[in-house]
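Structure at a glance
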Amino acid sequence: MPDCFQRNAEHVASHRCTVLEHRWVNDRYKYLRLSSNAELARMTRPGQFYQLKCPSAAGQHPFLLRPMSVYGVGPEAGTIEFLYNVTGAGTRALATLGIGDAMEIVGPLGNTFVLRPEFERILVVARGVGLATMAPLLKAAAQAGIAITAIMSARAPKDLMRDEFLRGAEADVHCVFDSDDSSSVSNVDTLVRRLLAEQHHDAIYTCGSHRLLMLLQKVLQDHPPILGEVAMEQRMACGMGVCLSCVRLFDDAGDKQFLRVCREGPVFPIRHVVGEVEFG
Ligand SMILES: Cc1cc2nc3c(=O)[nH]c(=O)nc-3n(C[C@H](O)[C@H](O)[C@H](O)COP(=O)(O)OP(=O)(O)OC[C@H]3O[C@@H](n4cnc5c(N)ncnc54)[C@H](O)[C@@H]3O)c2cc1C
């Protein structure tokens, strides 16, 4: 069994937390810090996520819990951080929570990234909400003394959230934008290939863009020794492997299987992702 299928957390449960900090980072994203028990924060790994119970607000009653990656733990013991895009009913309701409010979270859910201590340098390619998912991986790599190359993709410079992504980690950062077309597939393809040619990289990780994922899958075909992993973002309901609403097809060298993004993932080998499924 590939090591990406590390066992999910053993003790998934619902936890009642208190809002310690909740503020806008820019005009679309909010930062949320919750107090939880120290054990919960301690066992949460990069790439894992929680199901957040959104409150009822403005006549909306979000029924399903909303999946959110762990953005970080700390700075104090027993605190968990999230960084989320306010998009629909659930996240709009979430955005109304005030300091001191109580909220329920379920987790930690899912698996984590493979980050080997012997790695010397990794390449992280992130866009949009992918930044929130990748930030703890950057922190873990920096703490392990692994050098980081980062490609950050955003609509425009004002959307980048560079400081929120790096959180003090040293990295060789390359920014690309839709606004000047530097984020185009051909440009990022050239950039990734140049960076891989210039320096040895042990692994590539991505999250937040299907377009970038497919591009990296192609690039990895030319670099067999490099590990490639993606944190998949898939619509899901229960988040713990029961409802099967988040299954996706994966192909491990001809061995095709439907896997649950919430349970076997959300982190998968980039090489196993099937981009388009043809029926009929
Ligand atoms: C494993 C995982 C980690 C995620 N981490 C983050 C994160 O760190 N920050 C962040 O901003 N967003 C993250 N997302 C996306 C986030 O779950 C959705 O933006 C959120 O559920 C939208 O809810 P809503 O009610 O505001 O939107 P609506 O569109 O009203 O949601 C309707 C339904 O669709 C689901 N849904 C809508 N968009 C998504 C989506 N992109 N992914 C999964 N389900 C969706 C909702 O959960 C809800 O059940 C993550 C998704 C997954 C699967």
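Residues numbered from 1 in each chain as written. Predicted model: local features only at pLDDT ≥ 70, side-chain atom pairs only at ≥ 80, totals over all residues. Heavy atoms only, no water.

1. Let's talk about the packing of helix H5 (residues 185-198) against helix H6 (residues 210-221)
Look at H5 against H6: their axes get within 10 Å of each other, and the N-to-C directions meet at 45°. Here H5 is positioned oblique relative to H6, judged by the angle of their axes. Like other packed secondary-structure pairs, H5 and H6 cross with a definite hand, here right-handed. Facing Val185, Val188, Asp189, Val192, Arg193 and Leu196 of H5, the residues of H6 in contact are Arg211, Leu212, Leu215, Leu216, Lys218 and Val219. (Axes fitted to C-alpha atoms, helices over the stretch in contact; angles between N-to-C directions. Helix = DSSP H or I, 4+ residues; strand = E, 2+ residues; numbered from the N terminus. Parallel < 35°, antiparallel > 145°, perpendicular 65-115°, else oblique. Left-handed = near helix turned anticlockwise from the far one by under 90°. Contact = heavy atoms within 4.5 Å.)

2. Regarding the sheet that holds strand S6 (residues 79-85)
A sheet is described by the order of its strands in space; here seven strands give the open sequence S4-S3-S7-S1-S2-S6-S5, paired in antiparallel fashion. Two strands in the sheet have a free side with no partner beyond their single neighbour: strand S4 (66-69) and strand S5 (72-73). Pairing of S5 with S6 involves two bridges; the strand directions are antiparallel. Bridge assignment links Gly72 to a residue of S6, and that residue is Glu81. (Pairing = 2+ DSSP bridges.)

3. Focus: the domain arrangement of the chain
Taken domain by domain, the chain holds domain 1 (3-109) and domain 2 (113-231). If you average the C-alpha positions of domain 1 and of domain 2, the two centres end up 24 Å apart. Between domain 1 and domain 2, the residue contacts involve 19 residues of the former and 19 residues of the latter. For the pair domain 1 and domain 2, the two sides together bury roughly 1500 Å², of which 52% comes from carbon and sulfur. Two residues, Arg28 and Asp159, come together in a salt bridge whose shortest N-O distance is 4.0 Å. (Domains from an automatic or database assignment. Buried area = accessible area lost by both parts, 1.4 Å probe. Salt bridge = Lys/Arg side-chain N within 4 Å of Asp/Glu carboxyl O.)

4. Thoughts on the environment of Gly72
Turning to its location among the elements, Gly72 is positioned in strand S5. According to the relative accessible area criterion, Gly72 is buried, its value standing at 8%. Remark: the alpha-carbon pair of Gly72 and Thr133, spanning 61 residues in sequence, is separated by 9.0 Å. When residues no more than four places from it in sequence are discounted, the contact partners of Gly72 are Thr79, Ile80, Glu81 and Arg167. (Buried < 20%, exposed > 50% of the residue type's maximum accessible area, 1.4 Å probe, protein only.)

5. Considering the site of the ligand
Around the ligand there are 20 residues in total, and Pro67, Asn85, Gly90, Thr91 and Glu233 lie nearest to it. The backbone of Ser69 places a nitrogen or oxygen atom 2.9 Å from a nitrogen atom of the ligand. Contacts to the ligand include Gly88, whose backbone N or O atom sits 2.9 Å from an oxygen atom. Mapped by element, the contributors of at least two residues to the shell around the ligand are S4, S6 and helix H2 (89-94). The greatest single-element share of the shell around the ligand, amounting to four residues, is contributed by S4. (Near = heavy atom within 4 Å. Polar contact = N/O pair within 3.5 Å; in protein donor to acceptor, adjacent residues only side chain to side chain.)

6. Remarks on the sheet that holds strand S8 (residues 121-127)
In spatial order, the strands read S10-S9-S8-S11-S12-S15; together these six strands make up an open sheet with mixed pairing. One side of each edge strand has no neighbouring strand; the edge strands of this open sheet are strand S10 (172-177) and strand S15 (267-269). Taking the axes of each pair of neighbouring strands and ignoring which way they run, one obtains an average angle of 20° across the sheet. Pairing of strand S9 (residues 147-154) with S10 involves six bridges; the strand directions are parallel. Bridge pairing links Ala150 to Val173 in S10. Together, S8, S9, strand S11 (203-207) and strand S12 (227-231) form the strand contacts of helix H3 (residues 130-143), whose direction differs from that of S8 by roughly 165°. Packed on one face of the sheet, H6 meets S8, S9, S11 and S12 and runs near 160° to S11.

7. A few points about the side chain of Asp159
Relative to the helices and strands, Asp159 resides in the loop between S9 and helix H4 (162-166). A distance of 3.3 Å separates polar atoms of two side chains, one belonging to Asp159 and the other to Lys158. Contacts of Asp159, omitting those with residues within four sequence positions, involve Arg28 and Ala154.

8. What about the nonpolar core?
The biggest cluster of nonpolar side chains holds 35 residues, and the ones touching the most others in it are Ile122, Val124, Met134, Phe165 and Tyr205. Within the residue set of this core, elements represented by two or more residues are strand S2 (29-35), S8, H3, S9, H4, S10, S11 and S12. Of the residues forming this core, the biggest block, seven residues, is contributed by H3. Residues from two domains meet in this core; each of domain 1 (3-109) and domain 2 (113-231) gives at least three. Filtering out sequence-adjacent residues up to four positions away, Tyr205 remains in contact with Phe113, Val114, Leu115, Phe119, Ile122, Leu123, Val124, Val125, Met134, Leu137, Leu227 and Glu229. Within the second largest apolar cluster, 30 residues are counted, among which are Val192, Leu212, Leu216 and Val261. (Core = buried A, V, L, I, M, F, W, Y, C linked by side-chain atoms within 4.5 Å.)

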